[in-house]
Amino acid sequence: MLKSSLTIMKVAGIPIRIHVSFLIILPFFSWVIATNIGQIARMAAIDPGNVALNPLIIGFILAVMLFISVTFHEISHSLVAQKKGIKINSITLMLLGGVAQMDDDLQNPKDEALMAAAGPLFSLIFGGLLLFIIRPMITGFNADIRLMVYYLGYINIFLAIFNLLPAFPSDGGRILRSLIALKTSHYKATKIATAIGKAFALLMGFYGFLYGQIILMLIAFFIYIGASQEKETSLMRDVFGPFKVKDLMTEKVITVREDITISELLDKMLKEKHSGYPVVDSEGNLSGCVTLEDIKDISEQSQELKSVEEVMACNIISVHPEEDLFEAFKKMSRSEIGRLMVIEDGELIGILTRSDIMKAHQLKIVKDKKENK
Ligand SMILES: [Zn+2]
């Protein structure tokens, strides 16, 4: 989903990207603002008759300013994260605001609360500055400028309040989780915060449904999905946390040579009940891996003729034995590959499969029982 985005600039070394959905949402926002210009003018105590610019132009300028505000909101989060030693890979602006891609979550509750608060704090200060300091200074300016300053201030304060709602994984939800995490474990805190977030999303969705507010229903849906994903990640971290790759890898690696035929490979698979093998060349160097998936569509005649070398999938994803299991798990899910090669000093010393990783769950239960005794 995040692949379909374009880097537009860099701030403090962080690439700021825009998602393709942005190209749809920007004209849409401009149009929504344009159709409400009269109402916005009345809210700002401006006579709508004095607004000179085309409403669509005002809408477009405000929509762009709104996204710039969202960008600064995200940058505020990121700068605090960077100060706490978390690497921010990029910020992507999309349909419902922005997403900062981080290498890792903050584990220290106080740091997390600080980071979560930084974004809304920026929005609040910026909105307050526009509404309460700049606006009184420009009373003599033309209606268009006064209207834009008012609306930008208003929307930034709205952004701050909206993000502070305790609807995990929103900023407010993260602050709530860190407060709970001060008293209990990170995992339990996530569980409580996500439950509150989900309840909030359901309520919001129900309200949106009752009053025909489609945007509200959409936001509620995203909050619900976000809360579920966050809980999953936190559970994984809790289960995988104590283990390293070397704890769960299969050490006795059976390899196949790249010059054997597919039918020989099939016989071996049936006999050894393995669905995949690392492949080595005639010198014994790792050259790829082959799985049942790679050969399942090959006709029976070709099985006798084709060699493993011709069909093997060559992209090997490797991990170091000392790497955290959670990192290996993330690598595996990102690459959508079922097995990772464990390589130390250029040598294949093991293999880590999805089922090896899943053993962590049982081991964790045993470990916890032992520690609680
Ligand atoms: Zn935020």
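This is a predicted model, so every value here is computed, not measured.

Asker: Could you clarify how one ought to interpret the domain arrangement of the protein in this entry?
Answerer: How big an interface is tends to be expressed through the accessible area that disappears when the partners come together. Structurally, the protein comprises domain 1 (5-240) and domain 2 (245-372). Between the C-alpha centres of domain 1 and domain 2 the distance comes to 43 Å. When the two sides are added together, the surface that domain 1 and domain 2 hide from each other amounts to roughly 730 Å², 72% of it contributed by carbon and sulfur. The tally of links from domain 1 across to domain 2 stands at 0 salt bridges. At the surface where domain 1 touches domain 2, the tally comes to 0 residue pairs in polar contact (both at pLDDT 80 or more). Taken together, the residues of the side of domain 1 that touches domain 2 break down into 3 nonpolar, 1 polar and 4 charged.

Asker: What am I meant to see in the sheet that holds strand 5 (residues 256-257) here?
Answerer: Strands belonging to one sheet form pairs held by backbone hydrogen bonds; the direction of such a pair is parallel or antiparallel. Overall, mixed pairing links the 3 strands, which are arranged 5-6-7 in an open sheet. Of all strands in the sheet, those with a lone pairing partner are strand 5 and strand 7 (286-291), marking the two edges. Strand direction decides the pairing type here: strand 5 and strand 6 (residues 276-280), joined by 2 bridges, are parallel. Within strand 6, the residue paired with Val-256 across the bridge is Val-279. Each of strand 5, strand 6 and strand 7 is contacted by helix 10 (residues 262-272), which is oriented at about 135° to strand 6, the strand it contacts most.

Asker: Just checking my understanding: could you explain the UniProt feature "active site" (unreviewed entry) in the protein for this structure?
Answerer: When the UniProt feature table is mapped onto this chain numbering, "active site" (unreviewed entry) sits at Glu-74. Mapping Glu-74 onto the fold places it in helix 3 (residues 55-83).

Asker: Please clarify how unusual backbone geometry should be interpreted in this entry.
Answerer: For residues besides glycine, phi is generally negative; the peptide bonds are generally trans as well. Despite not being glycine, Lys-273 has its phi angle at roughly 55°, a positive value. Looking at the secondary structure, you find Lys-273 in the loop between helix 10 and strand 6.

Asker: Looking at this structure, I do not really get the UniProt feature "binding site: Zn(2+)" (unreviewed entry) in the protein. What am I missing?
Answerer: What UniProt calls "binding site: Zn(2+)" (unreviewed entry) maps, in this numbering, to His-73, His-77 and Asp-171. The largest pairwise C-alpha distance within this set of annotated residues, which runs over 99 residues, is 10.9 Å, so the set is compact in three dimensions. Examined against the element boundaries, His-73 turns out to sit in helix 3. By relative accessible area, which is 2% here, His-73 ends up buried. The residues contacting His-73, other than those within four sequence positions of it, are Gly-119, Pro-120, Phe-122, Ser-123, Asn-163 and Asp-171. One can find Asp-171 in helix 6 (residues 171-181). Apart from residues no more than four positions distant in its own chain, Asp-171 is found in contact with His-73, His-77, Ala-116, Pro-120 and Asn-163.

Asker: How should the coordination of the zinc ion be read in this particular structure?
Answerer: Around a metal, the ideal angle is 109.5 degrees if four donors adopt a tetrahedral arrangement and 90 or 180 degrees if six donors adopt an octahedral arrangement. Taken together, the protein donors to the zinc ion comprise His-73 (NE2), His-77 (NE2), Asp-171 (OD) and Asp-171 (OD), at separations of 2.0 to 2.8 Å. Seen from the zinc ion, its 4 donor atoms lie at angles of 52 to 150°, and the figure they make is irregular. As a motif over one chain, the donors of the zinc ion read H-x3-H-x93-D. Pair noted here: His-73 and His-77 are both in helix 3, with a separation of 4 residues, about one helical turn. Here the two residues His-73 and His-77 agree in accessibility, since each one is buried.

Asker: I tried to follow the packing of helix 4 (residues 109-137) against helix 6 on my own but got confused; where do I start?
Answerer: Axis angle and axis distance: for two packed helices, these are the angle between their axes and the distance between the axes, and together they describe the pair. Orientation of helix 4 relative to helix 6, taken along the N-to-C sense of each, is 160°, at an axis distance of 8 Å. By the angle between their directions, the pair helix 4 and helix 6 is classed as roughly antiparallel. Note on packing geometry: the crossing formed by helix 4 with helix 6 is left-handed. On the side of helix 4, the interface is formed by Pro-109, Glu-112, Ala-113, Ala-116, Ala-117 and Pro-120, while helix 6 contributes Asp-171, Arg-174, Ile-175, Arg-177, Ser-178 and Ala-181.

Asker: Could you clarify how one ought to interpret the environment of Ile-175 in this entry?
Answerer: Secondary-structure assignment places Ile-175 in helix 6. Separated by 62 residues in the primary sequence, Ile-175 and Ala-113 have C-alpha atoms spaced 4.7 Å apart.

Asker: Could you clarify how one ought to interpret the pattern of salt bridges in this entry?
Answerer: Two side chains that carry opposite charge are able to pair once their charged atoms sit near each other. Evaluated as defined, the whole model comprises 8 salt bridges. One salt bridge in this structure joins Glu-293 and Lys-296, with 3.1 Å as the shortest N-O distance. Of the two residues examined, Glu-293 and Lys-296, each falls in the exposed class. When salt bridges with common partners are traced through the structure, they connect Glu-112, Arg-174 and Arg-177 into a single cluster.

So, how was this worked out
- Residues numbered from 1 in each chain as written.
- Predicted model: local features only at pLDDT ≥ 70, side-chain atom pairs only at ≥ 80, totals over all residues.
- Heavy atoms only, no water.
- Domains from an automatic or database assignment.
- Buried area = accessible area lost by both parts, 1.4 Å probe.
- Salt bridge = Lys/Arg side-chain N within 4 Å of Asp/Glu carboxyl O.
- Polar contact = N/O pair within 3.5 Å; in protein donor to acceptor, adjacent residues only side chain to side chain.
- Nonpolar A, V, L, I, M, F, W, Y, C, P; charged D, E, K, R; others polar.
- Pairing = 2+ DSSP bridges.
- Helix = DSSP H or I, 4+ residues; strand = E, 2+ residues; numbered from the N terminus.
- Contact = heavy atoms within 4.5 Å.
- Axes fitted to C-alpha atoms, helices over the stretch in contact; angles between N-to-C directions.
- UniProt positions renumbered as here; feature names shortened; annotations may be inferred.
- Buried < 20%, exposed > 50% of the residue type's maximum accessible area, 1.4 Å probe, protein only.
- Donors = N, O, S within 2.8 Å, 3.2 Å for Na, K, Ca; no water.
- Tetrahedral: all angles 85-135°; square planar, octahedral: opposite > 155°, others 65-115°.
- Parallel < 35°, antiparallel > 145°, perpendicular 65-115°, else oblique.
- Left-handed = near helix turned anticlockwise from the far one by under 90°.

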